[in-house]
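Read off the chains here:
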Amino acid sequence: MKGEDDVNTAREDEEADGSGEKLLGFNSTEEQPSGPRGQDSMWRNEKYESVPLNVKETDEDHSRGIRDALYPQTALRKAHQENERPKDAKLWPYFQDGLRRIDYVLTYHVQMPQSTHKQSSKSCLCCRFKREPKIPPAHEDPELAAQEQRLDYHDDDQRLRREEFEENLREMGLEMEKEEGTKLPGVGFVKIHAPWDVLCREAEFMKLKMPTTKKYEVSQGSNIVEKVNMFMQKVTAPLQPKVGENQTENEKHLSYPFSREKQHLFDLSDRNSFFDSKTRSSIVYEILKRTKCTKAKFIMGISSLLGSGVYTEAYPLHDGDIDGVNAETNDRKILYEQWASYSIFYKYQPIGLVRKYFGEKVGLYFAWLGVYTQMLIPAAIVGVIVFLYGCATVDDNIPSMEVCDERNNITMCPMCDRACSYWKLVTACGTARASHLFDNAATVFFAIFMALWATMFMEHWKRRQMRLNYIWDMTSFEETEGKQKSQPRAEYEFHVMKKSLKKEQSPKAGNVKLTCRDRMPAYMTIIVMMIFLIFVTLAIVFGVVLYRVSIMTALHMSSTPTFRTNIRATVKTTAAIINLIIIIIMDEVYGAIARWLTIMEVPKTDKSFEERLIFKTFILKFANAFTPIVYLAFFRGRIIGRPGKYIYVMGSYRMEECAHAGCLMELCIQLCITMLGKQLIQNNLFEIGLPKLKKMLRQRKIDKNHQEELNRTLHRHEKDHFLGPFVGLNPEYMEMIIQFGMVTLFVASFPLAPLFALLNNVIEIRLDAKKFVTELRRPIAVRAKDIGIWYTLLRGISKVAVIVNAFVISFTSDFIPRLVYQHMYSPDGTLHGFVNHTLSYFNVSHFQPGTEPMQPMHLGYKVEVCRYKDYRDPPWSNTPYEFSREFWAILAARLAFVIIFQNVVMLMSDFVDWLIPDIPKDISIQIHKERNLVVELFMKQERGKKYRNTMGDPSPQPLRSRPSSQA
């Protein structure tokens, strides 16, 4: 060590003597310089091969921070000793030696000098730096020189931060290899490898449960249950993906949190596969998160360095290529063929392999999406049956037959002032018949069915989630989750640091934290902004209402016959499309604002940040999607007044009213266009088009002439650089939660909603799978036991759906008025005369001045009395135009139905919830059995240890010494 210290001291003196030489570090792919200088460079890089964990004062070059593999002969010798063949670095994510796996990649911006900007060879760049002294030109612009000096200072500052951060990573035991501008100009790569000792140390710290050598038999329950399971396996065999993960195993490895003191419990015969690629990358990420960089103002973690531009990207690598002649079999290729393909949409998902490759959190999302889609099948079938029932009974529906009967000759009051004239009720025949398709006796049954369906879905998912927890060894995850929850975010640490500096305390003071008083400005801003955005949503809905009113008046005043036909259908459809466009645009705006508000709030942990972000985003997007629908369902046509005394807004705009058959048809149109349009546009434009467009823009930075050549020669870390960054699962969950709301909240008005959702989700699963496998960088494997706050939101929506559907049936549809008329007012107990019973009389002489029709003789005769839909006394009664007794009787029936429906359905849902246990019985037995086996295993090891000590032959501990880093 003393000799090396002397050499390093001499080396530092040489670098400080102003010679202008700067070592950039050679990659193993470039030509090595010959002579003494080349030997000196090779000697200087040899120390980056491996770093012992117990050596803290390792002699390293602090000005460079570069580790390269310059001894392929040594690497090959180590591979021969371990009987391991080096991997091709172009096909697999490995260092240039082909032995050490790349567990993580950091990228940064490389400022290319103007004189060498067009050169991509790194060896030439090194030679140019070494041979050309930095002599300024004789005639140099002072302003340009000052600007270049500022840029150089900024680049040097970021370089120093990188060097310190990488130095700290080496002290943590990580090994690195650096590449600058080899194929991608302006991009530098830091490839990180975690040796065996680092993996063991971090696995013990993270309490990762790893499989032991002990196996036990997994019982399938009773003989009947086992036979049923075997029968179902044979039936569903053609639907299973061919990945080798879908077969039910009769044996299972006993898992236990990894410990270096108990390595004898685990099967370490193949260290290369003991920690899979997702586990290795997650371990490295945990190290990156907690490694400090003091030059970055005491900011901790890689996230702060990414935010300040020290590094531009940080990501783990995919396993390999998915297509091509040289593509070898890997988990990514298997997922691409057996999961991310539209041709196998009918097959089950390989959830086990998804979890193995992407981690538990992503695996739970796709498992939940699969359960949700599977449960939509019975809901879609029942919804289609309800719709077909409406189609089959439309010709026998008495109210619609009365509307379509021309012999009734019912004259209706104008639908707008001045421009609109009187009209015949028979012209609403088509709307009345179409409304019966969705407003019939089966609608009530379907609403009850969907409420129970939501409960069954939640219970089924809880049982499925518990089974996955057992299979994935996550049953005791909550015991180790506390440490991860308590780890502060880098932004929180930064604000705490600023607060401590204001108090003139030490930056390491542990008693300083952000209080409610510190966050009070942020809380007030959040409350004001959320209220303001809700009012913005209401204003948008009000604007669409004004559009409908004004367009309807304009079309009535038009002299073109084409415009005057189908006015109501034209206004409905165009307004629904406008609503759809506004919803899609405002979704993106609200998502960005919600993130900004959450960042302003400065949550302490990542879990708290995610939950607060989800809650804000859900409130805004839920209000954005459902406010127009709530207006159509519960407010339109109920605050309009009556003929002669209408309610006006903004001076002269009369509030719009529903058609004679009610607003249910318009609500159905709005739901249909919103569901189909939102799903099609978001799937095709946002989830397919935008990622491809971003990828094209990233690839345009490379010369087109070298594009094909680069595609053939790029390494794995360079190919993944062109993929899109993984932004989390929140957008995917949010899209499905909004869809779940549309399926359950207003299903009484649109029984085909489950069918549309099912068709969308069948495509959505494969679309998301293709996006995860081919379009996005590999996400960090995050351990998770459940879907988190999303389950709470689902539970809340399913409870609210019962109340909403009760109000839709009671107040939006004509189900209750028909029921009351049939049992209280009908002379023969049928619905004959129901249409006439729902219409009130108005004397046209009572119109307010200036509101009567401009063409009163439009129908060819003088109208003295017109009809309008309401329950009011006639003008010749003692209380003209006041609410009649029928109105109050129907209102009482509606409220009674809401109360009875809500309580009965919720009672049934709670009974189903109580009836179905959350944990399957066989899983509960296996968990208990596993705990007993762990105790037996330790007792057996202790007895064996005592026996060996008694015989005087203590067991050796071969894993005390540091193993090879080529794991």
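It should be emphasised that the depicted structure is a prediction, and the values quoted were computed from it without experimental measurement.

K.L.:
Before we go on, may I ask you to explain the overall build of the protein in this structure?
P.N.:
In terms of regular secondary structure, the protein is built from 32 helices and 16 strands. When the 967 residues of the protein are sorted by exposure, 50% land in the buried category.

K.L.:
Would you mind going over the state of the cysteines with me for this structure?
P.N.:
Here a disulfide denotes one covalent bond, and it connects the sulfur atoms of two cysteines. Taken as a whole and judged by the stated rule, the model has three disulfides. With its sulfur 1.8 Å from that of its partner, C404 forms a disulfide with C429. An S-S torsion of about 95 degrees defines the bridge between C404 and C429 as right-handed. Placement of C404 in helix 14 (residues 398-404) and of C429 in helix 15 (residues 429-438) is noted, with a sequence separation of 25 residues between them. Of the residues examined, C404 reaches a relative accessible area of 22% and is grouped as partly exposed. Paired by a disulfide, C416 and C420 hold their sulfur atoms 1.6 Å apart. Since a negative S-S torsion denotes a left-handed disulfide, the C416-C420 link at about 95 degrees is right-handed. Each member of the pair, C416 as well as C420, carries the same accessibility label: buried. Note on C668: no disulfide assigned, nearest cysteine sulfur contributed by C672 at a separation of 6.3 Å.

K.L.:
Sorry, what's going on with the packing of helix 13 (residues 360-393) against helix 15 here?
P.N.:
Packed helices, taken two at a time, are described by the angle their axes make and the gap between the axes. Contact geometry of helix 13 with helix 15 gives a least axis separation of 7 Å together with a crossing angle of 145 degrees. As for the relative orientation of helix 13 and helix 15, their crossing is right-handed in sense. Contact with helix 13, carried on its side by V386, F387, G390, C391 and T393, involves H436, L437 and F438 of helix 15 and no other residues of that element. Taken together, the residues of the contact of helix 13 with helix 15 break down into five nonpolar, three polar and no charged.

K.L.:
Can you walk me through the nonpolar core in this structure?
P.N.:
Within soluble globular proteins, side chains that are nonpolar generally end up buried alongside one another. The biggest cluster of nonpolar side chains holds 112 residues, and the ones touching the most others in it are F358, W368, Y372, W453, F746, F750 and I787. The element best represented in this core is helix 13, accounting for 16 residues. Setting aside chain neighbours within four positions, we find F358 in contact with L335, W339, F772, V773, P779, I780 and A781. By size, the runner-up hydrophobic cluster in this structure holds 45 residues, among which are L174, F266, L288 and L933.

K.L.:
What should I look at first to understand the sheet that holds strand 2 (residues 175-180) in this one?
P.N.:
Paired through their backbone hydrogen bonds, the strands of a sheet run either parallel or antiparallel. The strand order 2-3-1-8 describes an open sheet built from four strands, whose pairing is antiparallel. The open sheet has two edge strands with one neighbour each: strand 2 and strand 8 (313-315). Neighbour-to-neighbour, the strand axes of the sheet open up by a mean angle of 15 degrees, direction not taken into account. Bridge count for strand 2 against strand 3 (residues 187-193) is six bridges, and the pairing is antiparallel. Note that in strand 3 the partner of K178 across the bridge is V190. Here helix 9 (residues 277-290) sits on the sheet in contact with strand 1 (104-109) and strand 3, set at roughly 50 degrees to strand 1.

K.L.:
Even after reading the chapter, I still don't get the UniProt feature "transmembrane region" (unreviewed entry) in the protein, so can you show me in this structure?
P.N.:
Under the present numbering, the feature "transmembrane region" (unreviewed entry) in UniProt falls on residues 365-389, 441-458, 523-549, 569-593, 613-634, 736-759 and 787-811. From the first C-alpha to the last, residues 523-549 spans 39 Å; its make-up is 100% helix and 0% strand. Helix makes up 67% of residues 736-759 and strand 0%, and the two end C-alpha atoms of the span are 13 Å apart.

K.L.:
Any chance you could explain the pattern of salt bridges here in plain terms?
P.N.:
Oppositely charged side chains can form a pair if their charged atoms are brought close together. Scanning the entire structure with this criterion turns up 44 salt bridges. E202 is paired through a salt bridge with R201; the nearest N and O atoms lie 3.1 Å apart. Exposure remark for R201: the relative accessible area of 19% places this residue in the buried category. Measuring nitrogen to oxygen at the nearest pair gives 3.0 Å for the salt bridge that ties K462 to D918. On the criterion of sequence distance, the pair formed by K462 in helix 16 (residues 441-471) and D918 in the loop between helix 31 (885-915) and helix 32 (921-951) is long-range, its members being 456 residues apart. Via salt bridges that share partners, E459, K462, R795, D913 and D918 belong to a single interconnected network.

K.L.:
In this structure, what is going on with the packing of aromatic side chains? I would like to understand it.
P.N.:
Two numbers describe a pair of aromatic rings. These are the distance of the centres and the angle of the planes. By the definition in use, this model includes 48 aromatic pairs. Centroid distance F366 to F772: 5.4 Å. Interplanar angle 80 degrees. Geometry classified as edge-to-face. With a gap of 406 residues between them, F366 in helix 13 and F772 in helix 27 (residues 753-775) connect regions that are remote in the sequence. A relative accessible area of 1% places F772 in the buried class. Seen in terms of ring centroids, F887 and W888 are 5.0 Å apart; in terms of plane orientation they differ by 80 degrees. Their pairing is edge-to-face. A cation over a ring is seen here: R290 above F205, with NZ or CZ 5.2 Å from the ring centre. The ring centre of F883 lies 4.2 Å from the NZ or CZ of R872, which sits over that ring.

K.L.:
In this structure, what is going on with the environment of Y631? I would like to understand it.
P.N.:
Looking at the element boundaries, Y631 is found in helix 22 (residues 606-634). For Y631, the contacting residues outside a window of four places in its chain are V541, V545, R548, R636, M655 and E656.

K.L.:
What am I meant to see in helix 22 here?
P.N.:
Each turn of an α-helix holds 3.6 residues, which means side chains three or four residues apart point in the same direction. A rise of 1.5 Å per residue sets the reference length of helix 22, with its 29 residues, at 42 Å; its end C-alpha atoms lie 40 Å apart and thus fit the reference within 8%. The largest bend in helix 22 comes to about 40 degrees, at F626, with the proline P628 one to four residues further on.

K.L.:
Whenever I open this one, helix 21 (residues 567-601) confuses me. Can you help?
P.N.:
For helix 21, which comprises 35 residues, the first-to-last C-alpha distance of 49 Å matches the rise-based estimate of 51 Å (1.5 Å per residue) to within 8%. Downstream of helix 21 by a residue or two, V602 has a phi angle that is positive, lying close to 55 degrees.

K.L.:
What exactly am I supposed to notice about a nonpolar patch on the surface here?
P.N.:
A grouping of M520, M524, I527, I531, F535 and L538 is seen on the molecular surface, where their side chains present a nonpolar patch of about 590 Å² in accessible area. Here F535 lies in helix 19 (residues 516-557).

K.L.:
In this structure, what is going on with the confidence of the model for the protein? I would like to understand it.
P.N.:
Detailed reading of the predicted coordinates is not advisable wherever pLDDT is low. Confidence in the prediction for the protein averages 78 pLDDT; 77% of positions are at 70 or higher. Note on residues 115-139: pLDDT under 50 across the span, and 26 contacts to partners over four residues away in sequence or across chains. Taken as a whole, residues 954-967 scores under 50 in pLDDT and shows 37 contacts with residues more than four places along the chain or in a different chain.

K.L.:
I keep staring at the side chain of R818 and nothing clicks. Help me out?
P.N.:
Within the secondary structure layout, R818 lies in helix 29 (residues 815-825). Taking relative accessible area as the criterion, R818 reaches 14% and is therefore assigned buried. Apart from the residues lying within four places of it in its own chain, the contact partners of R818 are P399, D439, N440, L831 and F834.

K.L.:
Please explain the packing of helix 13 against helix 27 as it appears in this structure.
P.N.:
Following both chains from N to C, one finds helix 13 and helix 27 inclined at 160 degrees, their axes separated by 7 Å at the closest point. As the angle between them shows, helix 13 and helix 27 are arranged roughly antiparallel. Seen along the crossing, helix 13 lies across helix 27 with a hand that is left-handed. Between helix 13, through V362, Y365, F366, L369, G370, Y372, T373, L376, I377, A379, A380 and V384, and helix 27, the contact on the second element is made entirely by P754, L755, A757, L758, N761, V762, E764, I765, D768, A769 and F772. Tallied by class, residues from the contact of helix 13 with helix 27 come to 18 nonpolar, three polar and two charged.

K.L.:
Can you help me understand unusual backbone geometry in this one?
P.N.:
Glycine aside, the phi torsion of most residues is negative, and most peptide linkages are trans. A positive phi angle is found at K207, which is not glycine, with a value near 55 degrees. Within the secondary structure layout, K207 lies in the loop between helix 6 (196-206) and strand 4 (209-217).

The rules behind the values
Residues numbered from 1 in each chain as written. Predicted model: local features only at pLDDT ≥ 70, side-chain atom pairs only at ≥ 80, totals over all residues. Heavy atoms only, no water. Helix = DSSP H or I, 4+ residues; strand = E, 2+ residues; numbered from the N terminus. Buried < 20%, exposed > 50% of the residue type's maximum accessible area, 1.4 Å probe, protein only. Disulfide = S-S within 2.5 Å. Axes fitted to C-alpha atoms, helices over the stretch in contact; angles between N-to-C directions. Left-handed = near helix turned anticlockwise from the far one by under 90°. Contact = heavy atoms within 4.5 Å. Nonpolar A, V, L, I, M, F, W, Y, C, P; charged D, E, K, R; others polar. Core = buried A, V, L, I, M, F, W, Y, C linked by side-chain atoms within 4.5 Å. Pairing = 2+ DSSP bridges. UniProt positions renumbered as here; feature names shortened; annotations may be inferred. Salt bridge = Lys/Arg side-chain N within 4 Å of Asp/Glu carboxyl O. Phe/Tyr/Trp six-rings, centres within 6.5 Å; stacked < 30°, edge-to-face > 60°. Lys NZ or Arg CZ within 6 Å of the ring centre and 35° of its normal. Expected span 1.5 Å × (residues − 1). Bend = angle between axes of the 7 residues up to and from the residue. Patch = residues over 30% accessible without salt bridge, like charges linked within 9 Å, V, L, I, M, F, W, Y side chains within 5 Å. Areas by Shrake-Rupley, 256 points an atom, 1.4 Å probe, with all protein chains shown as cover. pLDDT = per-residue confidence, 0-100. Parallel < 35°, antiparallel > 145°, perpendicular 65-115°, else oblique.

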